[in-house]
Amino acid sequence: MLSIKEAKQIIDNFANSNNNTQALTTKRSFFTTKKIANQIAFPNQKQHWLDYLTKIEQKDGPEKDFKYAYNHVHCAPMLCYLANQLNIKTEKAEKDITDQHLQMMSEAKKFRDNYLPYADVEVAMSRLIKN
């Protein structure tokens with residue numbers, strides 16, 4: 001089990017704070033017709049992750065399972081950023097999801113369910129803890 005505390009440490013150590021696709025760095029969704037929903041209140045997705053995990057940590061404690069946090073992310077570019085930093089390719093997911101013109105929460109669910117299951121994330125992040 002990967003804890004929120006461990007996940008925060010891993011994400012905080014990522015050298016790059018941006019998505020591989022620069023346009024997704026300050027967005028909450030790949031596609032949306034609502035411009036305001038397309039922006040995030042953070043300069044990049046790394047900061048978005050750290051703030052999100054800090055809020056969960058403050059509410060539920062640092063030992064809360066990271067799987068809980070991962071499964072409650074509503075921002076597909078945030079998930080994409082995590083995949084990018086774990087060297088998991090996202091180009092096909094980005095294109096497929098953008099082409100479907102989904103709403104924000106649907107994008108994130110599709111990204112998790114079809115392209116980046118939690119088990120893959122946990123394996124990749126666990127390797128970083130051991131190194």
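Look up: the structure comes first, before these words.
Keep in mind it's a predicted model, so treat the numbers as computed, not measured.

(A) Summary view of the side chain of serine 29. Within the element layout of this structure, serine 29 appears in the loop between helix H1 (4-12) and helix H2 (45-60). With residues near it in sequence (within four places) discarded, serine 29 still touches Leu24, Asn38, Pro77, Met104 and Glu107.

(B) Here's a closer look at the pattern of salt bridges. Under the counting rule described, the total for this entry stands at 5 salt bridges. We note a salt bridge from glutamate 57 to lysine 8, for which the minimum N-O separation is 2.8 Å. Highlighted residues: glutamate 57 in helix H2 and lysine 8 in helix H1, separated in sequence by 49 residues. Taking the shortest distance from any N to any O, the salt bridge between lysine 55 and aspartate 51 comes out at 3.2 Å. Taken together, the residues lysine 55 and aspartate 51, both in helix H2 and 4 residues apart, mark about one turn of the helix. Aspartate 51 sits in the partly exposed class, given a relative accessible area of 24%.

The rules behind each value
Residues numbered from 1 in each chain as written. Predicted model: local features only at pLDDT ≥ 70, side-chain atom pairs only at ≥ 80, totals over all residues. Heavy atoms only, no water. Helix = DSSP H or I, 4+ residues; strand = E, 2+ residues; numbered from the N terminus. Contact = heavy atoms within 4.5 Å. Salt bridge = Lys/Arg side-chain N within 4 Å of Asp/Glu carboxyl O. Buried < 20%, exposed > 50% of the residue type's maximum accessible area, 1.4 Å probe, protein only.

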